[in-house]
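Letter by letter, the chains look like this.
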Amino acid sequence: MKGPMAQILAQAQKMQDNVKRAQDEIARLEITGEAGAGMVKVTLTGKHQAKKVEINADALTEDKEFLEDLIAAAINDAAQKLEAATQAKMSAVTAGMPIPPGMNLGF
């Protein structure tokens with residue numbers, strides 16, 4: 001197969017390889033979110049799994065509900081940072097080739 005169709009297929013294959021490589025890099029990421037000026041820190045992997053939770057001793061003097069709110073906020077902070085990192089990585093990979101609306105590339 002030659003001509004424009006072959007070029008399109010080659011571009012698609014290259015983009016697919018780049019997307020796979022980016023997904024692998026994202027899976028290896030570790031992103032830390034925090035709350036309460038660092039009183040609670042949560043580290044998530046690129047697969048959205050909690051890897052580490054750090055609670056400052058000062059946070060343990062607070063009431064239970066406050067500490068629970070700090071933990072939830074730190075998780076949300078890490079998840080938002082991970083989402084931003086994922087979007088940035090995938091935007092860099094797919095730039096130059098328009099993606100049809102609704103096409104799922106696995107992210």
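For the structure itself, consult the block above.
Rules used in this analysis
Residues numbered from 1 in each chain as written. Predicted model: local features only at pLDDT ≥ 70, side-chain atom pairs only at ≥ 80, totals over all residues. Heavy atoms only, no water. Helix = DSSP H or I, 4+ residues; strand = E, 2+ residues; numbered from the N terminus. Buried < 20%, exposed > 50% of the residue type's maximum accessible area, 1.4 Å probe, protein only. Polar contact = N/O pair within 3.5 Å; in protein donor to acceptor, adjacent residues only side chain to side chain. Contact = heavy atoms within 4.5 Å.

## Section: the side chain of threonine 43
- Positionally, threonine 43 belongs in strand E2 (residues 40-45).
- A relative accessible area of 7% places threonine 43 in the buried class.
- A polar side-chain atom of threonine 43 sits 2.8 Å from a polar atom in the side chain of threonine 32.
- When residues no more than four places from it in sequence are discounted, the contact partners of threonine 43 are Glu30, Ile31, Thr32, Gln49, Ala50, Lys51 and Lys52.

## A word on the environment of methionine 90
- Along the chain, methionine 90 turns up in helix H2 (residues 64-94).
- Looking at methionine 90, the relative accessible area reads 1%, which means it is buried.
- Taking the C-alpha atoms as reference points, methionine 90 and alanine 22, separated by 68 residues in sequence, lie 6.8 Å from one another.

## What to know about unusual backbone geometry
- Despite not being glycine, alanine 37 has its phi angle at roughly 55°, a positive value.
- You can see alanine 37 is positioned in the loop between strand E1 (30-35) and E2.
- Look at alanine 37 and you get exposed, because its relative accessible area is 83%.
- You will see that histidine 48, though not glycine, has its phi angle at about 65°, which is positive.
- Residue position: histidine 48 is located in the loop between E2 and strand E3 (50-55).

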